[in-house]
Amino acid sequence: MADTASDVLVETLIELGVKVVFGLPGDGINGVVEALRTRQDQVRFVQVRHEAAAAFMACAYAKWTGKLGVCFATTGPGGTNLLTGLYDAKFDRAPVLAITGLPYHDLIQTYTQQDIDHTKVFQDVAAYTTALYGAQHVRPATMLACRTALAERGVAHLAIPADVQEQEVDRDPASPRHKADPLTQFQSNPQPPEAQAIADAADVLNAGKKVAILAGQGALHARRELEQTAELLAAPIAKALLGKAVLPDAHPHVTGGVGYLGARPSQQAFADCDTLLIVGSSFPYIEYYPKPDQVRAVQIDLDPRRIGLRYPVEAPVVGDAAASLRALNEKVTRKTDRSFLQRAQAWKQEWLQALAEGAERPGKPMKPQRVVHELNRRLPADAVIAVDSGHNTGLAAQYLMIRDRQAFGVSGTLASMGCGLPYANAAAIAFPRRPVVAVVGDGGLAMSLGELATAVHYKLPIKVFVINNGVLGQIKWEQMLFLGNPEFGCALAPIDFAKVAVGMGMLGLRTDDPARVGLLIEQALAHDGPALVDLVVDANEPMLPPKRREQYMQHLQAAFKSGTAGQDEIERRLREEPALTSLKP
C-alpha cells in the first residue's frame, strides 16, 4: 500500500524525535489517526476527553521536557477547542505543534459541515500556520512548522483537509521546483551576548551597593551561573512563578516568589535595592517591581523584544541566560559588604515563621494554608508539581518550598483555569518514574474533570489535591481588593470530588478536619495508582498580596460597606492570620 499524506506527516514527526501525540479522534482527522495507529511502536498516542486538555498537555510536555509538544483535533470545534492551551504555549514560550482537520478540499469555504478556516483562526496564536494542499506539500511544511515552533519557542499549526490526509503520495506529482528535501536535524544555537553589552552590564552591577535579582523561566537551565552571580553580588534572588524551580526555596540567596502571589521578603528586597538584575523573566505585574527612579537595571533575555518590556533597563544583554551570566561573572567584582543580603535573609525567616503559624491554626473550617503546608512537608524529593490557576496558585507559590530535584509547572502568563490536571497527566507521561502531584482548586478542576478518566485509562499515578472552598477564591478577592465591590457570582455549587474520583475509577478521599489532612496526604502519596484528596477549607480566609497597597485596603473597606457576605468572618480571619498582620485594613 502506498504512503499517504498522513503517513508522511507522522513519519516526519518521528524523524524529528516526537515520541508522544495528544489528541481526540474525529471524522475530520481520522487519516492522521490511522497513520498514528500503524506506528504505535514508534510514537505514542494519548487520547484525552476534551481537546483543550490535548493542547494543555502538549504545552506542559514541552515545558517539562524542553522538547516539541504535539496535539491534534478534528475539523471545526475540535480545532477551536485547542486554542486556550495553545495560547498558554504562546505566552509561556513553549514549542508546540497543533494539527487540525479541514473539510474536503473542494468544499472549503462553502458553508459545509464544520467549515471553519483554522488557518485564519490560528493566525494570532501561531508563529506559523498553513493548510496542506497535497501529499507533496506535507513534508516541507511540517518541517518548517516544527522548526518555527522550536526556534521561536511558540506555536505552529498545520491544517489538513480530510481527503488530502488520505491522498497517496504517488497521486500527487511534485512540481518542477519541488527538489530540495528538508533535513530533519535542527538545532537552534542562540548567538552569544555582545562583549560591550556584558561590559556595560558589569559596570552597572559593580556600581550597585544593594543588588537584587529577579529570575524567571529563562534561567531554569542556568542554575550554577545564577548561583555564582548572586554570590558575587551578595544579591537576594526573587523568583517569578515560572522560575520557581530555578533554585531551591531553601537556598540562602532565594527570598521566594514575587508579585501578587509572592513572598514578602522579595518585595522588601525590591523596595530597598538600588540595582536590579532581571534574568529570563517578563514578569507582568509592574507594580511589584522596584521604583524605577531609585534603581538601575540590567536585563538578560534571549528575545530582544522582551528587553525593557516591563521595566526601564539601562544595560540590556541579549543572549542565552547561562552564556550571558558566565560572561558577566568574569567581569563582576565580588562585593565585600553582605549586609543587604543578610537583611533579606532575616526578612525571609520572619516570613516563613508567619506562614507556618498561619497554616497551623487549629479548628474548623480548615484553613487552606494547612493543606499546602502539610503537603509541602511530605512531598517526595523528586516530585513534579503541577498547579492550577486561582487561589490555589498563590498557596502553592508561597507554601511549597521547592527542593533541589523537584520541578514546578503552571499556566504562567495566560493563567488559565483548568490547566492543573492536564499538566499533571503530561508530567506523568514525560517522567513515568517520578511522583507527580497536582494542586488544584474546585473551580479549575471542575473545568477538566474528564481528564481524571484519562489518568485512570493510562494508569498515570498522579496525586490530585483539591483545595475546595466552594468559591472562585481569587476572583472573589480581586472583586473586593481591586474594585471595592462585594463578591458576586463567585460562589460555586458544591461538588464532592472524592465521589467523582471514585466514579472515575481512582482512589478518592475527603476531609474538612485539619487533624486528618496529613494522614490523607500520606495515604494518597503511598497509593499505587491515581488518587484524589478533596480538602474542604474555609471560604472566608483572606487572600492578600505580600506588598501592602493602601488602595487595596481602601477597596476592601468599600466592599465591606457595600454588604460583602461573611464580613465578620473575614475581618476575624484578618486579625488571626500572622502572615497578614501588616496588611490589615
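Draft legend 1. Focus on the environment of Ala-344. Relative to the helices and strands, Ala-344 is located in helix H13 (residues 339-359). Taking the C-alpha atoms as reference points, Ala-344 and Ala-235, separated by 109 residues in sequence, lie 9.0 Å from one another. Contacts of Ala-344, omitting those with residues within four sequence positions, involve Pro-236, Thr-255 and Pro-265.

Draft legend 2. Main features of the packing of helix H1 (residues 5-15) against helix H7 (residues 135-152). At their nearest, the axes of H1 and H7 sit 9 Å apart, and the two run at 30° to each other. The angle between the axes of H1 and H7 places the two elements in the roughly parallel class. Where H1 crosses over H7, the handedness of that crossing is right-handed. Between H1, through Ala-5, Val-8, Leu-9, Thr-12, Leu-13 and Glu-15, and H7, the contact on the second element is made entirely by Ala-135, Val-138, Arg-139, Thr-142, Met-143 and Cys-146. Residue classes in the contact of H1 with H7 are distributed as eight nonpolar, two polar and two charged.

Draft legend 3. Representation of the sheet that holds strand S1 (residues 20-23) in the model. An order of S2-S1-S3-S4-S6-S5 is seen for the six strands of this open sheet, with the pairing classed as parallel. Each having just a single partner strand, strand S2 (44-47) and strand S5 (126-131) make up the two edges of the open sheet. Within the sheet, the average angular offset between the axes of one strand and its neighbour, ignoring direction, is 20°. Against the sheet, H1 engages strand S3 (69-73), strand S4 (96-102) and strand S6 (155-161), with an angle of about 175° to S4. Together, S4, S5 and S6 form the strand contacts of H7, whose direction differs from that of S5 by roughly 170°.

Draft legend 4. Fine view of the pattern of salt bridges. Under the defined criterion, the tally for this structure stands at 30 salt bridges. Here Arg-139 makes a salt bridge to Glu-15, at a shortest N to O gap of 3.2 Å. One end of the pair, Arg-139, is in helix H7; the other, Glu-15, is in helix H1, with 124 residues separating them in the sequence. The buried category is assigned to Arg-139, whose relative accessible area is 17%. For Glu-15, a relative accessible area of 38% puts it in the partly exposed group. A network of salt bridges, in which partner residues are shared, links Arg-93, Asp-301, Asp-303, Arg-305 and Arg-306.

Draft legend 5. Molecular detail of unusual backbone geometry. Here the bond from Lys-364 into Pro-365 is cis, since omega is 0°, no more than 30 degrees from zero. Relative to the elements of secondary structure, Pro-365 occurs in the loop between H13 and helix H14 (368-378). A positive phi angle, close to 65°, is found at Tyr-111, a residue other than glycine. When you line up the elements, Tyr-111 lands in the loop between S4 and helix H6 (118-121). With relative accessibility at 81%, the residue Tyr-111 sits in the exposed group.

Draft legend 6. Quick look at the packing of aromatic side chains. Tallying each qualifying case throughout the model produces seven aromatic pairs. With 5.4 Å between their ring centres and 20° between their planes, Tyr-289 and Tyr-311 make a pair best called stacked. With Tyr-289 in the loop between strand S10 (275-279) and strand S11 (296-301) and Tyr-311 in the loop between S11 and strand S12 (315-318), this pair connects stretches of sequence that are 22 residues apart. A single burial state applies to Tyr-289 and to Tyr-311, both of which are buried. Members of the aromatic cluster, each reached through a chain of ring pairs, are Phe-283, Tyr-285, Tyr-289 and Tyr-311. The positively charged end of Lys-244 is found above the aromatic ring belonging to Phe-408, 5.9 Å away from the centroid. Here Arg-434 stacks its cationic end above the ring of Phe-431, 5.2 Å away from the centre of that ring.

Cut-offs and rules
- Residues numbered from 1 in each chain as written.
- Predicted model: local features only at pLDDT ≥ 70, side-chain atom pairs only at ≥ 80, totals over all residues.
- Heavy atoms only, no water.
- Helix = DSSP H or I, 4+ residues; strand = E, 2+ residues; numbered from the N terminus.
- Contact = heavy atoms within 4.5 Å.
- Axes fitted to C-alpha atoms, helices over the stretch in contact; angles between N-to-C directions.
- Parallel < 35°, antiparallel > 145°, perpendicular 65-115°, else oblique.
- Left-handed = near helix turned anticlockwise from the far one by under 90°.
- Nonpolar A, V, L, I, M, F, W, Y, C, P; charged D, E, K, R; others polar.
- Pairing = 2+ DSSP bridges.
- Salt bridge = Lys/Arg side-chain N within 4 Å of Asp/Glu carboxyl O.
- Buried < 20%, exposed > 50% of the residue type's maximum accessible area, 1.4 Å probe, protein only.
- Phe/Tyr/Trp six-rings, centres within 6.5 Å; stacked < 30°, edge-to-face > 60°.
- Lys NZ or Arg CZ within 6 Å of the ring centre and 35° of its normal.

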